Every structure is written in C-alpha cells, then in structure tokens.
Amino acid sequence: GIHILKVIDREEAFAYENFKKGNFNSSIYNCIDWFLDMPFSKRPLMFASYIASITQEYDTAILLCLVGLRNDSNEAGFINNLVYSYCLKNDLDNAEKYLDQYFAKISATDISNELRISLQATIGLFYLRKKEVAKGKQFYKMAIENSLILKNNYYYNLAIINLTRELFFLKDNEYEFYLEKFKEIKTDDIDV
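Since this is a predicted model, take the numbers as computed values, not measurements.

Cut-offs and rules
- Residues numbered from 1 in each chain as written.
- Predicted model: local features only at pLDDT ≥ 70, side-chain atom pairs only at ≥ 80, totals over all residues.
- Heavy atoms only, no water.
- pLDDT = per-residue confidence, 0-100.
- Helix = DSSP H or I, 4+ residues; strand = E, 2+ residues; numbered from the N terminus.
- Expected span 1.5 Å × (residues − 1).
- Contact = heavy atoms within 4.5 Å.
- Salt bridge = Lys/Arg side-chain N within 4 Å of Asp/Glu carboxyl O.
- Axes fitted to C-alpha atoms, helices over the stretch in contact; angles between N-to-C directions.
- Parallel < 35°, antiparallel > 145°, perpendicular 65-115°, else oblique.
- Phe/Tyr/Trp six-rings, centres within 6.5 Å; stacked < 30°, edge-to-face > 60°.
- Buried < 20%, exposed > 50% of the residue type's maximum accessible area, 1.4 Å probe, protein only.

Below, the discussion takes up the confidence of the model for the protein chain. Of the residues in the protein chain, 90% have a pLDDT of 70 or more, and the chain-wide mean is 89. Across the protein chain, helix 8 (residues 133-149) holds the top mean pLDDT of 96, while helix 6 (residues 92-105) sits lowest at 88.

This is the structure we're talking about:
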C-alpha cells in the first residue's frame, strides 16, 4: 500500500519560526491558522495560549484554553494553562472554579510526570496569589523536587522563575535564596 508521510503543517512551521524570532503576535496568528487547518489538534491552541500567557495577554490565553476545552473537556494541559492565566490575572475565583472542576474528574494515574509538575507549580501559584504562602511554597517545592528527580531542566527552570517572581511580589524571606537559584539558570531554551 501507499504510505502517506505526515508533512509538518505550514502554519505550524511558521508558528515555531515566528516564536523563535520573537514575533509572538505573528506566531499566535499562525497557531490560529494551524488550528483552522487541524481543528481537532490540541497543539496549536496549547502553543498559542502559552505564547499569550508569556506576553501577558491573559484574556487571549484564557479564550484559547476555553476553545480547547470545548474540544476536550478533560485536557489537563488546557486546564493548567487556564488556571495559570487566571492566577496571573488575579481572577482567583475562576482559577479555583476550574481547579475544583478538574480535580473532581481526574485520578493521579491519568497524568504524565511532566504534567504533574506543571499542575503542582500552578497550584503553588494559586495558593501564593491567595496569600496562603506556606501551602503555595509547599506545592512549588514539590514541583522543583520532582523536576530534579526527572532530571527535567525545562520544568525546573520554569518553576524556579515563577516561584522567584511570586516571592519577590510577596517580599518573602525566601526570595533571596530562590533569586540565587534563578541566577544559576543556564539554558538555550527560548521558552525560558
């Protein structure tokens, strides 16, 4: 028989290329086109919502996640990005609503180790924003510990960056300690 080789979608290629060049808005538009080409693929919406959250366009990030959840209401990556964006927007009511809704449906065995780390960090962010500082730090430290166990630098770096930012806002006594760890980050990863 004839084997059809999957060719990378043009819009997907453009999205990553624009992202690497720092053309974040163009990259988001490429993701939308990519999603319209492949409306059942999670990746374009996931990537676009991630870009929107790092450019602090939280409403856009939230909208993209909500569209993604209409396709798959159990997709933990969308829930994670949604809660993360709501937390950074300081809309803690909606953050909590989606956390509760999601954890009512999920069992711990359903998720990958990487996603577990992301969720631990996001829950940490949620508690820090709620000013439940001890609980927030506990979740972030779990995420950091687990990323070290998995030898996953990407998740380790993101957890350190996000925790350091939050401790700075809180004027927390552990801020200096994590600032040192933040300064030690060495990466070629454009996301970080």
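Next comes the rest of the description.
Here we come to helix 2 (residues 24-37). Compared with an ideal rise of 1.5 Å per residue, which puts 14 residues at 20 Å, helix 2 spans 20 Å between its outermost C-alpha atoms and is within 8% of the ideal. Looking at the packing, one finds that the buried side of helix 2 touches helix 1 (10-21), helix 3 (43-54) and helix 4 (58-71).

Considering all chains together, one arrives at 13 salt bridges under this definition. Lysine 89 is paired through a salt bridge with aspartate 59; the nearest N and O atoms lie 2.6 Å apart. Linking lysine 89 in the loop between helix 5 (76-88) and helix 6 with aspartate 59 in helix 4, this pair joins segments that are 30 residues apart in sequence. As a salt-bridge pair, lysine 137 and glutamate 174 come within 2.7 Å of each other at their nearest N and O atoms.

Let's shift gears to the environment of methionine 46. Positionally, methionine 46 belongs in helix 3. In sequence terms methionine 46 and asparagine 81 are 35 residues apart; their C-alpha atoms lie 8.0 Å from each other. With near-sequence residues (within four places) excluded, methionine 46 lies in contact with Glu75, Gly77, Phe78 and Asn81.

The contact between helix 7 (residues 113-129) and helix 9 (residues 153-170) brings their axes to 11 Å, and the two run at 0°. It follows from the interaxial angle that helix 7 and helix 9 lie roughly parallel. Residues Glu114, Ile117, Ser118, Leu125, Leu128 and Arg129 of helix 7 lie in contact with helix 9, whose contacting residues are Tyr155, Leu163, Arg165, Glu166, Phe169 and Leu170.

A separate point is the packing of aromatic side chains. One pass over the full model with this rule turns up twelve aromatic pairs. Where tyrosine 127 meets phenylalanine 139, the ring centres are 5.8 Å apart and the plane angle is 25°; that geometry is what we call stacked. On the criterion of sequence distance, the pair formed by tyrosine 127 in helix 7 and phenylalanine 139 in helix 8 is long-range, its members being twelve residues apart. In this pair, the class of tyrosine 127 matches that of phenylalanine 139, namely buried. The rings of Tyr16, Phe19, Phe24, Trp34, Phe47 and Tyr50 are connected pair by pair, giving a single aromatic cluster.

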